[in-house]
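# Structural overview for review
Given next are the chains, with one letter for each unit.
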Amino acid sequence: MIALAGPNLPHELLAAAGKHGGAIALGLDQPTPRAQQWLESKFAPHAFALVESWAAGAYDHLDAVLFSRADDTSQRLYYYLCELQRRGLLAGPRPLIFDVGKIPRTSSRDLTVAAVRRLAGELGVGDAALEAAIVAGNRARAGQPGGSPSGPVCLLHGTPPPDRRLHQVIEAAGFAASGLTMEELWLSPGPAVAEGTGDPAAALGTQLHARQQGARSFADPAAFIRQSVETAGASAVVLWRIEEDEAQTWQFPAEQRALAELGLPTLVLTRTDWQARDGAPAAIAEFLAGVAR
Amino acid sequence: MTTAANTAPPASVNQRSRKMLACTAEATAYQKAFGQELRRRVVEDREPYAIVQADTPHELFHAMDIPIVTNQWWSAYISAKQLSTRYFDKLVEAGYPANSCKYCSLGLACSVANESETAPWGGLPTPTVMVARLTCDCIQQVFGQWANLLGSEFFPMEAPAWTDKDPQWFAHSRDEWRRVYQPDRIAHMVAEMQDLIALLENRTGRKFDEGKFHHLMEQINVQEGYIWEAAQAIGKARPCPVSIAEQMPNTMIPQWHRGSDWAVAHAKKFRDEVLERIATGQGTSGNEKLRLMWIGAGVWHDPGFYQALEESLGAVFVWSMYMPFAGPAYIRELQGSPMEALASRVASMNETLHLPPWMNGWMVAEAQRCGIDACVLLLPPDNRLSQSGTKLTALALEDAGVPVLMIDADMVDAKIWDHDRMVGMVADFLREKGLAQ
Ligand code: SF4
């Protein structure tokens, strides 16, 4: 099986190969002494747990782990893990990287399509199998439970948290929580992939290249947050970004302007702890207690 | 192995470095005059110009005679005018969180501050285009927002995945570059450069001249060939003829102007001075006992740091990356394909300096080539790019028998730099490793 360790990865291709191993299990609460020997401080916090688990043999049952170039930590980890294996400091599954391009330009789309074809070749997936997986994926998307929740909704926007601990704080305050965790982001299939094109690799590559979520997305941040508010039907927003998030943190001013225009109650929490061991849960609870339901 | 140094008392007075080569002063003077000339072209004459990252294909602009302001050069210029704190504060006032990595964003901060009375040159006019290669997640945000602010256009370039990883890349970069840098990555970079050329032709009316570009690429090979030759000689010579504080400007200043007649002539002059000093047995120190390697950006606010232990311990910094990197990073047999050769350079500059296995593979080989006794490695806490690859490189050097001192200090922050404390730390490390009394 192949586990996923990043956003914007080709789910349909792994499904077609019968090798979709889900998101890699991180084991976030463990100490990470070995990982700290090898990784510098600017890696996202989950990287340390991933490398520590790798060193402990937790992924030995996997054939490979697929990293993504759509995220700095994910792509750097690929190079580090390859090197640690080359030097005999680690064993475990084979690290792979999916070379997704996000620049809105034809050459970047072509680069992504080529990456799909390359991985399809490696996994022995032909066009017919990939097309069938695309059709099945689209059917699964259509079958997702839709409809809006009955109560008020709070959008949790910004850095994807490790799990639903912040969602639970929101729910305890009487709001439905909207916003993906990191694992949900990695597993999110995105919009439907074009069917019946005669070139399923190109169809999948085109979808991956255009996807709007993730650290390297070229989506307009103001438009994206407005769209997220609208899709969720949110009446309040928590904009939450962790200390290590140095990419999308640049979007704060644009996002805050967009939220001010929408006139929604908003709580902005920056430079927070990814595992919410700081005051973020209490601040969210207090904020939502003051928001009319 | 890691030593914290950011709780230092107020910095002691920094020392100036001794300069021994005539060509060092010439290079510095040329760069100063160039700054004035660039200002004239960009600000007074309002020529079309571009703001570009250091790792983008400057050669295309040179071949089209379009002036460029390099982000890293512009940042250094702002810093030298003691304006970085002021502008970063303005960034925070404008709603940007203070935790953002600051390495590439000082130019944006200056534009956000929008203070024509304090900004160098009164601030930058609108560039025709802004170009950055997407090596970290943040750079597209920085350049995208900066371009919006200046009313310009952002031309991002991909940094494609590199799966064919040869730790000995530097041994084959000159003639086997198609294999080493991966044909599909080269082809992609060529496609992007062609798009960029089309954009520049369209916006500026200037034409890309293939012949001129080919000649420029050949001249760059000649120029970097001189630097490479001097670097090889420095590696073998005992004592080391030229300090790293002089290796750097004589490599980097011509590199900003690569392929120009001045740059080629200057590289030759530098090589000749180096060889002359070797031939006459002149060393940067009269007391060379230990040969040290410096990994990281230079501590340019305190260049005297590098020479501080020469007298007392005979410890001489003989290696920093700038000069020896010139050969493998720049020299390419053109093989009738100058655009592909350039693509192979642009597609690898950042990776080979900051990612395993290229960074550590090269640095271990360099330590061996230059007879290095110990290494001092800068680990800036707040700089993603400069951090990248450092821990695995330190491990690789130690495995190869080279002790490493990692200094946890932010290279751009002169405020926390303490000359005496830093010198003492290196001295203690050398004693601890049994390399000095
Ligand atoms: S080094 Fe990387 S993270 Fe830091 S400012 Fe530059 S592009 Fe951004």
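As the structure is a computational prediction, the values presented were derived from the model and not from experiment.

## Some points on the overall build of chain A
Of the regular secondary structure elements, chain A holds 12 helices and eight strands. Expected size for 293 residues packed as a compact globule is a radius of gyration near 19 Å; at 20 Å, chain A falls within 12% of this value. Oriented by its inertia axes, the alpha-carbon framework of chain A measures out at about 55 × 50 × 30 Å. Here chain A, with 293 residues, has 56% of them falling under the buried criterion. Between the averaged position of the 25 positive side-chain charges in chain A and that of its 31 negative side-chain charges there is a distance of 4 Å.

## Observations concerning the domain arrangement of chain A
Residue and element names in this part refer to chain A. Split into domains, chain A comes out as domain 1 (2-138) and domain 2 (149-187 + 198-289). The gap between the C-alpha centroids of domain 1 and domain 2 is 23 Å. Between domain 1 and domain 2, the contact holds 43 residues from the first and 28 residues from the second. Taking the shortest distance from any N to any O, the salt bridge between E246 and K42 comes out at 2.4 Å. Across the domain 1-domain 2 interface, the total number found is 10 residue pairs in polar contact (both at pLDDT 80 or more). Mapped by element, the contributors of at least two residues to the side of domain 1 that touches domain 2 are strand 1 (2-5), helix 1 (11-16), strand 2 (20-23), helix 3 (45-55), helix 4 (72-86), helix 5 (106-123) and helix 6 (127-142).

## Here's the deal with the packing of helix 11 (residues 244-256) of chain B against helix 12 (residues 261-279) of chain B
Residues and elements named next belong to chain B. Direction vectors running N to C along helix 11 and helix 12 enclose 155°, while the axes themselves pass 9 Å from each other. Between helix 11 and helix 12, the crossing angle belongs to the class labelled roughly antiparallel. Of the two elements, helix 11 crosses helix 12, and the hand of that crossing is left-handed. Judged by residue contacts, E246, Q247, N250, T251, I253 and P254 of helix 11 engage W262, A263, H266 and F270 from helix 12.

## Considerations on the pairing of strand 3 (residues 64-68) of chain A
Residue and element names in this part refer to chain A. The buried fraction of strand 3 is high, at five of five residues. Pairing analysis gives five bridges linking strand 3 to strand 4 (residues 94-98), with the strands arranged parallel. Bridging from a neighbouring strand, F67 pairs with I97 of strand 4. With respect to chirality, the unit in which strand 3 leads through helix 4 into the neighbouring parallel strand 4 is right-handed.

## Considerations on the nonpolar core
Judged by nonpolar contacts, the single largest core of 140 residues is most densely connected at L50 and L288 of chain A together with F61 and W319 of chain B. Two domains each put at least three residues into this core: domain 1 (2-138) and domain 2 (149-187 + 198-289) of chain A. Of all hydrophobic cores here, the second largest spans 37 residues; its members include I51, I78, Y87 and L108 of chain B.

## Description of the packing of aromatic side chains
All names here are of chain B. Applying the stated rule across the entire model yields 29 aromatic pairs over all chains. On the basis of an interplanar angle of 65° and a centroid distance of 6.2 Å, the ring pair of F34 and W73 is categorised as edge-to-face. Of this pair, F34 sits in helix 1 (residues 22-44) while W73 sits in helix 3 (residues 71-80), and the two are 39 residues apart along the sequence. Considering the side-chain rings of W162 and Y181, the 5.6 Å spacing of their centres and the 40° angle between planes classify their relative orientation as tilted.

## Structural notes on the site of the ligand
Taken together, C101, Y103, C104, C136, C138, I139, R384 and L385 of chain B make up all the residues around the ligand. Along the lines of polarity and charge, the residues of the shell around the ligand split into seven nonpolar, no polar and one charged.

## Overview of the sheet that holds strand 1 of chain A
Residues and elements named next belong to chain A. Read across the open sheet, the four strands follow the order 2-1-3-4; overall the sheet is parallel. A single partner strand is all that each edge strand has here, and the edge strands are strand 2 and strand 4. Direction aside, the axes of adjacent strands within the sheet are offset by 30° on average. In this sheet, strand 3 lies alongside strand 1 in parallel orientation, the contact comprising four bridges. Bridged to L4 within strand 3 is L66.

What counts, and at which threshold
- Residues numbered from 1 in each chain as written.
- Chains lettered and ligands numbered in written order.
- Predicted model: local features only at pLDDT ≥ 70, side-chain atom pairs only at ≥ 80, totals over all residues.
- Heavy atoms only, no water.
- Helix = DSSP H or I, 4+ residues; strand = E, 2+ residues; numbered from the N terminus.
- Rg over C-alpha atoms; globule rule 2.2 N^0.38 Å.
- Buried < 20%, exposed > 50% of the residue type's maximum accessible area, 1.4 Å probe, protein only.
- Lys, Arg positive; Asp, Glu negative; His and termini not counted.
- Charge placed at Lys NZ, Arg CZ, Asp CG, Glu CD.
- Domains from an automatic or database assignment.
- Contact = heavy atoms within 4.5 Å.
- Salt bridge = Lys/Arg side-chain N within 4 Å of Asp/Glu carboxyl O.
- Polar contact = N/O pair within 3.5 Å; in protein donor to acceptor, adjacent residues only side chain to side chain.
- Axes fitted to C-alpha atoms, helices over the stretch in contact; angles between N-to-C directions.
- Parallel < 35°, antiparallel > 145°, perpendicular 65-115°, else oblique.
- Left-handed = near helix turned anticlockwise from the far one by under 90°.
- Pairing = 2+ DSSP bridges.
- Right-handed = clockwise from strand over helix to strand, strands pointing away.
- Core = buried A, V, L, I, M, F, W, Y, C linked by side-chain atoms within 4.5 Å.
- Phe/Tyr/Trp six-rings, centres within 6.5 Å; stacked < 30°, edge-to-face > 60°.
- Near = heavy atom within 4 Å.
- Nonpolar A, V, L, I, M, F, W, Y, C, P; charged D, E, K, R; others polar.

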